[in-house]
Amino acid sequence: MDPIEPLINAFHSEGRPRVWSLVVTIFGDAVQHRGGRIATLQLQELLERVGIEAGALRTALSRLTSDGWVQRDREGRNSFYRLSKSGQAEITKAAADIYAAPRDGKVVQWVMARGKAAPAKGISVAPHLWLMPADCATEMPDHICLTGTLTSFPEHAAERVLTPDHRAALSALGADIAALDGLALTPLDAMAARMLLIHRWRRIVLRYPDVPAELMPADTEIPNPRKLVADAYSALVPTSEKWLGEGDGTVPPENHGFSNRFQ
């Protein structure tokens, strides 16, 4: 049996894959810290492992090139891709949220904001009313804000913090991580599993607020998803990094503070 089949099936069950988005995940997670470029053949091997054909990869790379995300280099008969400067800027901005460390305790100071539009990182607790940890709150000139401690948070308020889509996304994340428990993977399988894990987590982080555990509804399947992802990622990294260093040596050694992820 294919050890990562549950993750692959879950990935494809969500509709036609946006291959270009998956490639962006790969660059941000597996390429930037190893010199910034990757051989097309290595990308193809990784994506074929999760059921994506070479033609779909070529289409995705063409789109990313025309949109200014990546640049192509040729060395003899080999081709390589790297992020453009604008692509690097977008990846770096997103990485701060994707790889932020799990909280090691409860939030001490909160900001409560009221306004018509949801603030960045705002957690909906009532119509036009949001909570967010004070250390995550940015400037909000269009909102009325209060800062202080949270003395109570009843369950009827907690039930609002996760939309149905957010709940479903966290449930799928939990299923993926559960499927990885106890597996002994080859380097390629570990890299493929890491790619699918971070791709799912990246979409959650960029789409939904990062809800601290103390605000999660009582029936939440994974009350601290960031901690769960961090632990699963840490387990996959040693073996998956071996795959990145295999082959013809086209992927340079690790750099760029990779070891600080989720720390």
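To keep things clear, this report deals only with the structure shown in the data block. Being a predicted model, the structure only gives us computed values, none of them experimental.

On to the overall build of the protein chain, then. A count of helical and extended segments in the protein chain gives nine helices and seven strands. Here the C-alpha radius of gyration of the protein chain, 20 Å, is about what a compact globule of 263 residues would show, namely 18 Å. Counting only C-alpha atoms and orienting by the principal axes, one finds that the protein chain spans roughly 65 × 40 × 35 Å. Once local pairs closer than 6 in sequence are excluded, the contacts in the protein chain between residues at least 24 apart make up 75%.

With that settled, consider the pairing of strand β2 (residues 70–75). Relative to strand β3 (residues 78–83), β2 runs antiparallel, the two being bridged by six bridges. Residue pairing for β3: R72 is matched across the bridge by Y81. Between the end of β2 and the start of β3, which pair antiparallel, lie two residues, with G76 showing a positive phi angle near 65 degrees.

All chains considered together, the criterion is met by zero disulfides. Unpaired in this structure, C136 has its nearest cysteine sulfur neighbour in C145, at a distance of 14 Å.

This paragraph deals with helix α4 (residues 54–66). In this model α4 runs 18 Å from its N-terminal to its C-terminal C-alpha over 13 residues, within 8% of the 18 Å that 1.5 Å per residue would give. Listed in full, the buried residues belonging to α4 are A54, L57, A60, L61 and L64. Projected down its long axis, α4 carries its buried residues within an arc of 120 degrees, all on one side. Residues of α4 that are exposed and point more than 90 degrees away from the buried face comprise R58, T59 and S66. Looking at the packing, one finds that the buried side of α4 touches α2 (19–31), α3 (40–49), β2 and β3. Directly after α4, the chain includes G68, whose backbone phi takes a positive value near 85 degrees.

Okay, the nonpolar core next. With 70 residues, the main nonpolar core has V23, L47, L173 and W201 as its most contacted residues. By residue number, the principal contributor to this core is helix α8 (residues 187–207), which donates 12 residues. What L47 contacts, discounting residues up to four positions off in sequence, is V19, L22, V23, I26, I52, L57 and M195.

Across a sheet, paired strands are connected by hydrogen bonds in the backbone, their directions being either parallel or antiparallel. With antiparallel pairing, the four strands of this open sheet are ordered in space as β5-β6-β4-β7. Bordering the open sheet on either side are β5 (123–126) and β7 (144–148), each of which pairs with just one other strand. For this sheet, the mean inter-axis angle between neighbouring strands, taken without regard to orientation, is 30 degrees. When strand β4 (residues 110–114) meets strand β6 (residues 129–133), the two strands line up antiparallel, connected through five bridges. Looking at the pairing, A113 lines up with W130 of β6.

A side chain of one charge can pair with a side chain of the opposite charge when the charged atoms of the two come close. Throughout the structure, instances matching the rule amount to 16 salt bridges. Between D73 and R82 there is a salt bridge, with its nearest N and O atoms 3.1 Å apart. Residue R82 is classed as partly exposed on the basis of its relative accessible area of 27%. Close ionic contact of D219 with R167 constitutes a salt bridge, the shortest N to O distance being 3.1 Å. Taken together, the positions of D219 in the loop between α8 and α9 (225–244) and R167 in helix α7 (residues 164–180) put the pair 52 residues apart, joining distant regions of the chain.

Our next topic: the packing of α3 against α4. For the pair α3 and α4, interaxial distance at closest approach is 10 Å and the crossing angle is 125 degrees. Considered as vectors, α3 and α4 are oriented oblique to each other. When you trace α3 past α4, the crossing you get is right-handed. Of α4, the residues touching α3 (which contributes T40, L43, Q44, L47 and E48) are A54, L57 and L61. Tallied by class, residues from the contact of α3 with α4 come to five nonpolar, two polar and one charged.

Here the focus is the pairing of β7. Burial runs low along β7: only zero of the five residues are buried. As paired elements, β4 and β7 share five bridges and run antiparallel to each other. Each bridged residue has a counterpart across the sheet, and for W110 the counterpart in β7 is G148.

Moving on, we come to the environment of R202. On the secondary structure map, R202 appears in helix α8. Taking C-alpha positions, R202 is 23 Å from A117, a pair spaced 85 residues apart along the chain. If we ignore the near neighbours within four places in the chain, the residues touching R202 are S21, V24, T25 and I98.

Reading the values: the criteria
Numbering of residues starts from 1 in every chain and runs along the sequence as written. Predicted model: local features are reported for residues with pLDDT of at least 70 only, side-chain atom pairs are reported and counted for 80 or more only, and whole-chain, interface and lining totals are derived from all residues. Think of the side-chain values as coming from all heavy atoms in the structure, minus any hydrogens and water. Runs of E in the DSSP output that reach at least two residues are strands. Runs of H or I that reach at least four are helices, and both are numbered from the N terminus. Throughout, radius of gyration means the C-alpha value; the globule benchmark is 2.2 Å times the number of residues raised to the power 0.38. Only heavy atoms enter the contact rule, under which two residues are in contact if any of them lie within 4.5 Å. DSSP-based pairing: two strands are paired if at least 2 bridges between them are found. Defined by distance alone, a disulfide is two cysteine sulfur atoms within 2.5 Å. A helix is expected to span 1.5 Å for every residue after the first. The buried label applies to any residue whose accessible area, calculated with a 1.4 Å probe on protein chains only, is under 20% of its type's maximum; exposed applies above 50%, and partly exposed to all values in between. The directions from the helix axis to the C-beta atoms form the arc being described. Grouping buried Ala, Val, Leu, Ile, Met, Phe, Trp, Tyr and Cys residues that are joined through side-chain atoms within 4.5 Å yields what is termed a nonpolar core. Throughout, an axis means a line fitted to C-alpha atoms (over the contacting stretch in the case of helices), and angles, computed between N-to-C directions, take values from 0 to 180 degrees. Each reported salt bridge corresponds to a side-chain nitrogen of Lys or Arg within 4 Å of a carboxyl oxygen of Asp or Glu. When describing relative orientation, an angle under 35 degrees is termed roughly parallel and one over 145 degrees roughly antiparallel, while 65 to 115 degrees is termed roughly perpendicular and anything else oblique. A clockwise turn of the near helix away from the far one marks a right-handed crossing, whereas an anticlockwise turn of less than a right angle marks a left-handed crossing. Classification convention: Asp, Glu, Lys, Arg as charged; Ala, Val, Leu, Ile, Met, Phe, Trp, Tyr, Cys, Pro as nonpolar; all other residues, Gly among them, as polar.

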